[in-house]
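# Notes for the structure review
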Amino acid sequence: MDAFYASIEQRDHPELRGKPIAVGGSSRRGVVASASYEARRFGVRSAMPSITAMRRCPELIFVKWNFERYREASQQIRAIFLEYTDLVEPLSLDEAYLDISDHERSGAAIALEIRQRIQETTQLTASAGISFNKFLAKTASDINKPNGQKEITRAEAPAFIDALPIEKFHGIGKVTAKKMHNMGLRTGADLKKWTEIQMVQRFGKVGRHYYRIVHAQDQRPVNPNRIRKSIGAERTHKTDLTDLAEMKEKLDYLAHIIHKTMTEKDNFGRTLTLKIKTPEFKILTRSRSFSHEIRELEQLKKVAHELLIAHRDEFVAARLLGLSVSNLEREQIGVGVQLSFDF
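Conventions adopted
Residues numbered from 1 in each chain as written. Predicted model: local features only at pLDDT ≥ 70, side-chain atom pairs only at ≥ 80, totals over all residues. Heavy atoms only, no water. Helix = DSSP H or I, 4+ residues; strand = E, 2+ residues; numbered from the N terminus. Expected span 1.5 Å × (residues − 1). Buried < 20%, exposed > 50% of the residue type's maximum accessible area, 1.4 Å probe, protein only. Arc of directions from axis to C-beta. Contact = heavy atoms within 4.5 Å. Pairing = 2+ DSSP bridges. Axes fitted to C-alpha atoms, helices over the stretch in contact; angles between N-to-C directions. Parallel < 35°, antiparallel > 145°, perpendicular 65-115°, else oblique. Nonpolar A, V, L, I, M, F, W, Y, C, P; charged D, E, K, R; others polar. Phe/Tyr/Trp six-rings, centres within 6.5 Å; stacked < 30°, edge-to-face > 60°. Lys NZ or Arg CZ within 6 Å of the ring centre and 35° of its normal. Core = buried A, V, L, I, M, F, W, Y, C linked by side-chain atoms within 4.5 Å. Left-handed = near helix turned anticlockwise from the far one by under 90°.

## Focus on helix 5 (residues 107-122)
In this model, helix 5 (16 residues) spans 22 Å end to end at C-alpha, consistent with the 22 Å of a helix rising 1.5 Å per residue. Among all positions in helix 5, only Gly 107, Ile 110, Ala 111, Ile 114, Arg 115, Ile 118 and Thr 122 are buried. The buried residues of helix 5 occupy an angular sector of 135° when projected down its axis, which confines them to one face. Buried residues along helix 5 sit in contact with helix 1 (4-12), helix 4 (67-81), strand 5 (95-98), strand 6 (128-130) and strand 7 (149-151). Taken from the residues just after helix 5, Gln 123 is the one with a positive phi, measuring 60°.

## Focus: the pairing of strand 11 (residues 283-289)
With seven bridges connecting them, strand 10 (residues 269-277) and strand 11 associate as antiparallel partners. Looking at strand 11, one finds that Lys 275 is bridged to Thr 285. Counting the residues in the hairpin turn of strand 10 and strand 11 gives five residues, including Phe 281, whose phi is positive at 70°.

## Some points on the pairing of strand 4 (residues 88-92)
Each regular strand carries side chains that alternate between the two faces of the sheet. The pairing of strand 4 with strand 5 spans four bridges and is antiparallel. Bridge pairing in strand 5 links Glu 89 to Tyr 97. The turn linking strand 4 back onto strand 5 is made up of two residues.

## Here's the deal with the sheet that holds strand 2 (residues 32-35)
Overall, mixed pairing links the three strands, which are arranged 2-1-3 in an open sheet. Two strands bound the open sheet, and with one partner strand each, they are strand 2 and strand 3 (61-63). Across this sheet, the average inter-strand angle for adjacent strands is 35°, counted without regard to direction. Two strands pair when backbone bridges link them, and strand 1 (residues 21-24) and strand 3 are joined in this way by three bridges, in the parallel orientation. Residue pairing across strands places Ala 22 opposite Phe 62, the latter belonging to strand 3. The strands touched by helix 1 within the sheet are strand 1, strand 2 and strand 3, with strand 1 carrying the most contacts at an inclination of about 115°.

## Looking at the packing of helix 1 against helix 4
Contact pair helix 1 / helix 4: the axes reach a minimum separation of 10 Å and the direction vectors enclose 100°. Taken together, the axes of helix 1 and helix 4 are roughly perpendicular relative to one another. From helix 1, Phe 4, Tyr 5, Ile 8, Glu 9, Arg 11 and Asp 12 reach across to helix 4, where they touch Phe 67, Arg 69, Tyr 70, Ala 73, Ser 74 and Ile 77. Tallied by class, the residues present in the contact of helix 1 with helix 4 amount to seven nonpolar, one polar and four charged.

## Focus on the packing of aromatic side chains
Scanning all chains against the criterion turns up eight aromatic pairs. The interplanar angle of 40° and the centroid separation of 6.1 Å between the aromatic rings of Trp 65 and Phe 67 together place this pair among those described as tilted. Classification of Phe 67 by relative accessible area gives buried; the value is 17%. A cation sits over an aromatic face here: Arg 40 above Tyr 37, 4.5 Å from the ring centre. Between Lys 64 and the ring centre of Trp 65, over which it is positioned, the NZ or CZ distance is 5.9 Å.

## Observations regarding the nonpolar core
Counting residues in each nonpolar core, the largest one holds 28 residues, and the members touching the most others are Leu 251, Ile 258, Leu 272, Leu 300, Leu 321 and Leu 323. The set of elements that each furnish at least two residues to this core consists of strand 9 (230-241), helix 12 (244-265), strand 10, helix 13 (297-310) and strand 12 (318-328). It is helix 12 that provides the largest number of residues to this core, a total of seven residues. Not counting residues within four places of it along the chain, the set of residues in contact with Leu 321 comprises Glu 234, Arg 235, His 237, Leu 241, Met 247, Lys 250, Leu 251, Leu 254, Lys 275 and Ile 276.

## Notes on helix 11 (residues 206-214)
Every buried residue belonging to helix 11 is among Gly 207, Tyr 210, Ile 213 and Val 214, and all of these are buried. Across the axial projection of helix 11, the buried residues extend over an arc of 130°, all falling on one side. Each element contacted by the buried residues of helix 11 is listed here: helix 6 (134-141), helix 7 (157-163), helix 8 (174-182), helix 9 (188-192) and helix 10 (196-203). Of the residues trailing helix 11, Ala 216 is marked for its positive phi of about 60°.

## Observations concerning the packing of helix 10 against helix 11
The interhelical angle for the contact between helix 10 and helix 11, taken along N-to-C directions, is 140°, at an axis separation of 7 Å. Here helix 11 runs oblique to helix 10, going by the angle between their axes. Where helix 10 crosses over helix 11, the handedness of that crossing is right-handed. For the pair helix 10 and helix 11, contact is made by Glu 196, Met 199, Val 200 and Phe 203 and by Val 206, Gly 207, Arg 208, Tyr 210, Tyr 211, Arg 212 and Val 214, respectively. Taken together, the residues that form the contact of helix 10 with helix 11 break down as seven nonpolar, one polar and three charged.

This is the structure in structure tokens:
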């Protein structure tokens, strides 16, 4: 989907159409969850600190998120997908892989029809990538955004990958891209010159992945039974937390959210993880596992407090606190949302 959260807000609030908006918190500690294309022209991007976004775009309008509306639209879109194939693998509320390889019609024709139906049903636009494997389909989906599509055939793949800038490879982040640039690797053609052994020696296990994708090798199937591995919530605070009692209070709030979700899903876990982000953006994670599922809210709170106390001397202040439960008792099929709160 194109600027999914922001597009829904503009759809539902006509006064926001054509204006630069960001979904997220406008506070000093806020983070942009989604930016409209009007805002993106100023360099505003998702995951950007709100204060940075406002510097880049002084006229930026911040809108609080409405997850129920986003889920509703996501369900409408997924229902359309399922009319074409049962092999739908959701990645998030606004993105999914579809396997339509058994269809008689071309992938491009099906993608165009799905995009048209999404727009008719939700008044939202979508972009699509069509190819013979996940890596190329994902890469292609970003090329003609917004409201476009791109197909990469087997015959076109080698030349396309050769010309593709390193930073456009899905799975290669900014840090790795910078490292590769310093090594003289700027395009897929540069990366192809390296053997698999050389890539592993330089980048570790992920080097095998780089070798395969640059040679258009991606055997991952579209998996409709994607496993939800954890249930969690986290909160970024306006001011750094230094008081232990206040931290416990915030963790209790997160524990309530997680316990409510586990109860609704009837899916409880055996491992509780505490996440702390310091003012210096250092992230600490500490976990405790049990031989049984954590089913009671009070136990969830108690363990969260114990983890906090046990590791209190490892940080001075907390910018963010988070809790998550993993090792779930049954595999949760579908898309989970890691809720992130900014107040």
